[in-house]
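Read off the chains here:
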Amino acid sequence: MTDATLIDGNAFSAGLRDRIRAQVHTLRETRRITPGLAVVLVGEDPASQVYVRSKHKRTVETGMESFVHTLPADTPEDELLTLIAGLNRDPQVHGILVQLPLPRHIDAQKVIEAIDPAKDVDGFHPVNVGRLAAGGEALVPCTPYGSLLLLKDRLGDLSGLEAVVIGRSNIVGKPMAQLLLQENCTVTIAHSRTRDLPAVVRRADIVVAAVGKPEMVRGDWLKPGCTVIDVGINRVAKPAPEEGTRLVGDVAFAEAVTVAGAITPVPGGVGPMTIACLLRNTLVACARQNRLP
Ligand code: GUN
């Protein structure tokens with residue numbers, strides 16, 4: 001059998017960002033409105049610093065305003081909540097993202113709930129979570145939304161397909177399942193207590209792996225021809241005698257590529273879609289706040 005088609009998240013996200021840039025340009029020219037995204041980083045987690053820098057770069061590239069707030073790791077929770085209250089009131093800020101994880105002394109759920117749901121471009125506020133589940137104008141979490149765009153681009157109509165989501169996080173697994181359900185998939189959410197995970201995964205036309213365990217999903221778990229979305233980004237040591245580290249997904253790529261019909265690589269699959277969807281959410285939030293169609 002031939003190897004799986006690679007789903008190119010770099011190319012797809014570049015196209016999406018181009019379309020967003022054109023819409024931002026029109027908004028600025030015709031309405032004198034510039035969408036603005038505020039990103040808040042507390043502490044010095046190196047991975048978070050990398051993410052925040054690339055969010056800033058992409059935001060500016062699409063013609064939006066980027067407001068980055070970097071706070072020390074020992075910032076009191078009250079101070080963070082006061083900053084968010086100010087951003088909620090600021091008419092130049094249409095989207096607010098607080099980078100996770102937060103330092104342990106800060107209650108992340110309290111912080112998420114302090115963000116105005118209309119500006120919650122992560123889609124983590126209970127109002128948006130509820131709207132996604134019940135239908136309505138939700139802002140949808142970026143990584144699952146980006147994964148869905150890749151799936152629809154590859155498969156077209158998803159109606160009736162068996163989808164297995166591995167992982168039940170609020171950031172990826174649960175909203176991914178909601179989105180696939182909305183597309184009329186038959187959805188299973190598998191997790192660390194699932195019995196006989198390989199047998200569950202073998203049913204799937206669509207596999208979304210979002211567990212954070214390097215190369216956990218093996219090639220022989222997959223139904224031949226299925227579509228695999230690998231959300232994992234895990235840094236592991238290179239095999240000896242090489243030195244240094246490399247990035248791998250939650251799926252054993254070298255095995256899976258010989259069985260699946262299509263698969264996202266890591267890096268270059270889902271990763272770049274997340275930021276593109278964040279920009280899209282900021283544009284959507286800006287349009288709604290200005291009552292534009
Ligand atoms: N940390 C890892 N992923 C995310 C995300 O999607 N949003 C935020 N705010 N923090 C994250």
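Residues numbered from 1 in each chain as written. Predicted model: local features only at pLDDT ≥ 70, side-chain atom pairs only at ≥ 80, totals over all residues.

- The name given to the chain in an unreviewed UniProt entry is Bifunctional protein FolD, with the source organism recorded as Phaeospirillum tilakii.
- As its UniProt record puts it under Function (unreviewed entry), the chain is described as follows: "Catalyzes the oxidation of 5,10-methylenetetrahydrofolate to 5,10-methenyltetrahydrofolate and then the hydrolysis of 5,10-methenyltetrahydrofolate to 10-formyltetrahydrofolate."
- The record in UniProt for the chain states the following under Pathway (unreviewed entry): "One-carbon metabolism; tetrahydrofolate interconversion." (UniProt positions renumbered as here; feature names shortened; annotations may be inferred.)

### A few points about the nonpolar core
Move 1: By size, the foremost hydrophobic cluster in this structure holds 86 residues, and its most contacted members are V165, V207 and V208.
Move 2: For this core, the element with the most residues is helix α10 (residues 271-289), which contributes 10 residues.
Move 3: Residue contributions to this core reach at least three from each of two domains, namely domain 1 (31-119) and domain 2 (142-271).
Move 4: Excluding anything up to four places from it in sequence, V208 contacts S147, V165, I166, M176, I229 and V231. (Core = buried A, V, L, I, M, F, W, Y, C linked by C-beta atoms within 7 Å. Buried ≥ 20, exposed ≤ 12 C-beta atoms within 10 Å, placed from the backbone. Helix = DSSP H or I, 4+ residues; strand = E, 2+ residues; numbered from the N terminus. Domains from an automatic or database assignment. Contact = placed C-beta atoms within 7 Å.)

### Observations regarding the UniProt feature "domain: Tetrahydrofolate dehydrogenase/cyclohydrolase catalytic" (unreviewed entry) in the chain
Move 1: Annotation from UniProt places "domain: Tetrahydrofolate dehydrogenase/cyclohydrolase catalytic" (unreviewed entry) at residues 7-122.
Move 2: Secondary structure content for residues 7-122 is 51% helix and 16% strand, and the end C-alpha separation is 24 Å.

### Brief notes about the UniProt feature "domain: Tetrahydrofolate dehydrogenase/cyclohydrolase NAD(P)-binding" (unreviewed entry) in the chain
Move 1: UniProt records the feature "domain: Tetrahydrofolate dehydrogenase/cyclohydrolase NAD(P)-binding" (unreviewed entry) for residues 141-289 in the present numbering.
Move 2: Helix makes up 36% of residues 141-289 and strand makes up 19%, while its end C-alpha atoms are separated by 19 Å.

### A look at helix α7 (residues 173-182)
Move 1: Across the 10 residues that make up α7, a large majority, seven, are buried.
Move 2: Considered for burial, the residues of α7 that qualify are G173, P175, M176, A177, Q178, L179 and L180.
Move 3: Structurally, α7 contributes buried residues whose contacts are with α5 (126-134), α6 (142-155), β5 (162-166), β6 (186-190) and β7 (206-209).

### Regarding the packing of α6 against α7
Move 1: Two elements in contact, α6 and α7, have axes whose closest approach is 8 Å; the angle formed by their N-to-C orientations is 40°. By crossing handedness, the relation of α6 to α7 is classed as right-handed. Contacts between α6 and α7 involve P144, Y145, S147 and L148 on the former and, on the latter, P175, M176 and L179.
Move 2: Residues belonging to the contact of α6 with α7 are distributed by class as follows: six nonpolar, one polar and no charged. (Axes fitted to C-alpha atoms, helices over the stretch in contact; angles between N-to-C directions. Left-handed = near helix turned anticlockwise from the far one by under 90°. Nonpolar A, V, L, I, M, F, W, Y, C, P; charged D, E, K, R; others polar.)

### Here's the deal with the sheet that holds strand β8 (residues 227-230)
Move 1: Taken together, six strands build an open sheet; the order of strands is β1-β11-β8-β7-β5-β6 and the sheet is parallel. Edge positions in the sheet fall to β1 (5-6) and β6, since each of these pairs with one other strand and no more.
Move 2: Pairing of β5 with β7, which is carried by four bridges, proceeds in the parallel orientation. What sits directly across from V164, in β7, is V207.
Move 3: Relative to β6, α7 is tilted by about 170°, and along the sheet it contacts β5, β6 and β7. (Pairing = 2+ DSSP bridges.)

### Re α5
Move 1: Buried within α5 are the following residues: N128, V129 and L132. On an axial view of α5, the arc spanned by its buried residues comes to 105°, and they lie on one face. Of the residues in α5, the exposed ones pointing more than 90 degrees away from the buried face are P126 and A134.
Move 2: Packing partners of the buried residues in α5 comprise α7.
Move 3: At the C-terminal side of α5, G135 shows a positive phi close to 95°. (Arc of directions from axis to C-beta.)

### Side note on the environment of A262
Move 1: Examined against the element boundaries, A262 turns out to sit in strand β11 (residues 262-263).
Move 2: Overall, A262 belongs to the partly exposed group, with 18 C-beta atoms counted inside 10 Å.
Move 3: Sequence separation between A262 and T227 is 35 residues, and the spatial gap between their C-alpha atoms is 4.8 Å.
Move 4: The contacts of A262, once residues within four sequence positions are left out, are A4, T5, I7, R154 and T227.

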